[in-house]
Amino acid sequence: MAIIPLRFFGNRPNFNIVPRRKFAYVFSASAIIGAMVALFMLGLNLGIDFRGGSLIEVRYPTQPNITELRTKVDALNLGEVTIQEFGEPTDVLVRVQRQGDAVEDQTTAIQQVKAALGADAEIRRTEFIGPTVGEELKEAGAIALLLALFGIVAYVWFRFEWQFAVAGVMALAHDVAITIGLFAITGWEFNLATVAALLTIAGYSINDTVVVFDRVRENLRKYKTEALPSLLNRSVNDTLSRTVMTSVTTLIALGALAFFGGEVIRNFTYALIWGILIGTYSSVFVAACLLLQFKDVRNIRPVSYTHLRAHETGRNLV
């Protein structure tokens, strides 16, 4: 049975990506510096998951006027309060910032909000996150990110060599830092869902990077005398169709989710869309180029003869 290769480009591309890596380095360095400046100057708009506060889920008999509800609740002077549609058009989600350290203060604020929402409002769920829980969630989110990065480094090191692991984690740190900077610049709410988005971005990005690294390892054994910059450029171009097709199909699904998913998951979806774009960029323009910084990158474990033979006979689909 013949297998038809799937390609985004009609012929194998031959872009000069690695030889022009300095442009990518300048862009990436500028983006990371800008992200860090935005993070320290503007900070993150932390959600109640991290700051503490109350969440009230409300259902109305008919679709409410969100603007009118915001006006009523803002008149209570409870600080930052967000009201947005949640699921069905008749459902509303209200977030109220933490009111002091006493539980009684928060309980009073919740009662005031409930009264302002009207008698026809059906309270379906009320949650309160205290400052201690918020700090614990903040710590747990940071640990989750660090453990994910450590696990990815360990996997790439075991699958390839330490040079690939270092280049891979640098590309991942690049993606995560720029995504966090985007949240600082836009003021989008940073909550546990955002941490989940960052973990998803890390997993997606390393998946793309591993595909490129695998082709680099194959070509290192196949083209032993070729100059390393040329070989890396060959490897990136070999996998470019697969990288672009995977990213485009993923973005189509995320675009539908952003358009139809509603306000509650919109920031989460935006983070994923941005992460896919920046992760694809780093896999193509950053990860492989970083291998040039390691002089002994050719000293790697051999690839199996079967794998190389499959590549040489055209059975590789990328």
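Counting from 1, residues in each chain are numbered in the order their sequence is written. Selection of residues for local features in this predicted model requires a pLDDT of at least 70, selection of side-chain atom pairs for listing and counting requires 80 or more, and totals for whole chains, interfaces and linings are taken over all residues. Based on all heavy atoms of the structure, the side-chain values leave hydrogens and waters out of the count.

Enquirer: How would you explain the overall build of the protein if you had to name every residue and give the values?
Expert: Tallying secondary structure elements over the protein gives ten helices and six strands in all. Only protein chains enter the accessibility calculation, which uses a 1.4 Å probe; a residue is then buried when its area is under 20% of its type maximum, exposed when over 50%, and partly exposed in between. A buried classification covers 44% of the 318 residues belonging to the protein. The contact criterion used throughout is that any non-hydrogen atoms of two residues lie within 4.5 Å. A separation of at least 24 residues holds for 78% of the contacts in the protein among residues at least 6 apart in sequence. Per element, the accessible surface of the protein, about 16300 Å² overall, is 63% carbon and sulfur. The helix and strand labels rest on DSSP assignments: H or I over at least four residues marks a helix, E over at least two residues marks a strand, and numbering proceeds from the N terminus. Reported accessibility uses the Shrake-Rupley method at a 1.4 Å probe radius. Residues are deemed covered only where the shown protein chains occlude them.

Enquirer: Can you break down empty space enclosed by the protein residue by residue, with the values?
Expert: Cavities and pockets were defined on a 1 Å grid built over protein atoms only: a cavity is a set of grid points that admits a 1.4 Å probe from which the probe cannot escape, a pocket is an open set flanked by protein on both sides within 12 Å along at least five of seven lines, and lining residues are those with an atom within 4 Å of any such point. Grid points are joined across faces, edges and corners, and a volume is the space filled by probe spheres set on the points. Within the structure shown, the criterion is met by one cavity of 30 Å³ or more. Approximately 70 Å³ is the volume found for the largest cavity. Lining the largest cavity, in full, are Asn45, Leu46, Gly47, Ile48, Arg51, Glu80, Val81, Thr82, Arg95, Val96, Gln97 and Glu189. Element by element, the count of residues in the lining of the largest cavity is highest for strand E4 (residues 88–97), at three residues. All residues other than Ala, Val, Leu, Ile, Met, Phe, Trp, Tyr, Cys, Pro, Asp, Glu, Lys and Arg, Gly among them, are scored as polar; the first ten of these are nonpolar and the last four charged. Considering only residue class, the lining of the largest cavity consists of four nonpolar, four polar and four charged.

Enquirer: Pulling in residues and values, what's your account of helix H8 (residues 228–260)?
Expert: One less than the residue count of a helix, multiplied by 1.5 Å, gives the span that helix is expected to have. For H8, with 33 residues, the first-to-last C-alpha span of 46 Å sits near the 48 Å given by 1.5 Å per residue. Of all the bends found along H8, the most pronounced is centred on Leu240 and spans about 45°. One axis is fitted to the seven residues ending at the residue and one to the seven starting there. The bend at that residue is the angle between these axes.

Enquirer: Outline the nonpolar core, listing residues and values.
Expert: Nonpolar side chains tend toward joint burial in soluble globular proteins. Here the nonpolar core consists of buried residues drawn from Ala, Val, Leu, Ile, Met, Phe, Trp, Tyr and Cys, with membership extended through side-chain atoms lying within 4.5 Å. In this structure, Val156, Phe164, Phe213, Val216, Leu232 and Leu291 are the most contacted members of the largest nonpolar core, which totals 35 residues. Taken together, the elements giving at least two residues each to this core come down to helix H5 (131–159), helix H6 (162–186), helix H7 (192–222), H8 and helix H9 (266–290). Ranked by residues supplied to this core, first place goes to H9 with eight residues. Formed by 18 residues, the second largest nonpolar core is a distinct cluster that contains Ile56, Tyr60, Leu69 and Val113.

Enquirer: Pulling in residues and values, what's your account of the sheet that holds E4?
Expert: Read across the open sheet, the four strands follow the order E3-E4-E2-E5; overall the sheet is antiparallel. Looking at the sheet topology across the chains shown, the edges are occupied by strand E3 (81–86) and strand E5 (122–129). Each neighbouring strand pair of the sheet contributes to a mean axis angle of 15°, computed without reference to strand direction. The axes used here are C-alpha line fits, helices contributing only the stretch in contact, and every angle between their N-to-C directions lies in the interval 0 to 180 degrees. Strand contacts of helix H3 (residues 66–74): E3 and E4, with the helix running at about 155° to E3, the strand carrying the most contacts. Two strands are said to pair when DSSP picks up at least two bridges between them.

Enquirer: Summarise the pattern of salt bridges; cite the residues concerned and give the values.
Expert: Counted as salt bridges are all cases of a side-chain nitrogen of Lys or Arg within 4 Å of a carboxyl oxygen of Asp or Glu. Summed over the entire model, instances satisfying the criterion amount to nine salt bridges. Its salt-bridge partner being Glu57, residue Arg124 comes within 3.7 Å of it at the nearest N-O pair. Within this pair, whereas Arg124 is found in strand E5, its partner Glu57 is found in strand E2 (residues 53–59), the two being separated by 67 residues in sequence. The exposure class assigned to Arg124 is partly exposed, which follows from its relative accessible area of 41%. The buried category is assigned to Glu57, whose relative accessible area is 10%. The partner of Arg215 in a salt bridge is Asp238, with the nearest N and O atoms 3.6 Å apart. Taken together, the residues Arg215 in helix H7 and Asp238 in helix H8 connect sequence positions 23 residues apart. Comparing Arg215 with Asp238, the two get one shared label, buried. Each member of the salt-bridge network shares a partner with another, and the members are Glu57, Glu122, Arg124 and Arg125.

Enquirer: Which residues make up the side chain of Ser282, and what are the values?
Expert: One can find Ser282 in helix H9. According to the relative accessible area criterion, Ser282 is buried, its value standing at 0%. Residues adjacent in sequence count toward polar contacts only when both atoms are side-chain atoms; beyond that, a polar contact is any pair of N or O atoms within 3.5 Å, and within protein one must be able to donate a hydrogen and the other to accept it. In terms of polar contacts, Ser282 uses its side chain to reach the side chain of Asp175, at 3.0 Å. Residue contacts for Ser282: discarding those within four places in its chain leaves Ala171, His174, Asp175, Ser205 and Ala287.

Enquirer: Talk me through the pairing of E2; I want residue IDs and the actual numbers.
Expert: In terms of burial, E2 is a largely internal element, six of the seven residues being buried. The pairing of E2 with E4 spans seven bridges and is classified as antiparallel. Across the sheet, the residue bridging to Glu57 is Leu93, located in E4. In terms of strand pairing, E2 meets E5 through seven bridges, oriented antiparallel. Along E5, the bridge assignment pairs Val58 with Ile123.

Enquirer: With reference to specific residues and values, describe the packing of H6 against H7.
Expert: Where H6 meets H7, the closest approach of the two axes is 9 Å, and the angle between their N-to-C directions is 150°. As far as their axial angle goes, H7 and H6 are roughly antiparallel. The handedness of the crossing between H6 and H7 is right-handed. Listed contacts from H7 to Phe164, Ala167, Gly168, Leu172, Asp175, Val176, Thr179, Ile180 and Phe183 of H6 are Thr194, Leu198, Ile201, Ala202, Ser205, Ile206, Phe213, Val216 and Leu220. Of the residues assigned to the contact of H6 with H7, the class counts are 13 nonpolar, four polar and one charged. These descriptions rest on fixed angle ranges, namely under 35 degrees for roughly parallel, over 145 for roughly antiparallel, 65 to 115 for roughly perpendicular, and the rest for oblique. When the near helix sits turned anticlockwise from the far one by under a right angle, the crossing is termed left-handed; a clockwise turn instead gives a right-handed crossing.

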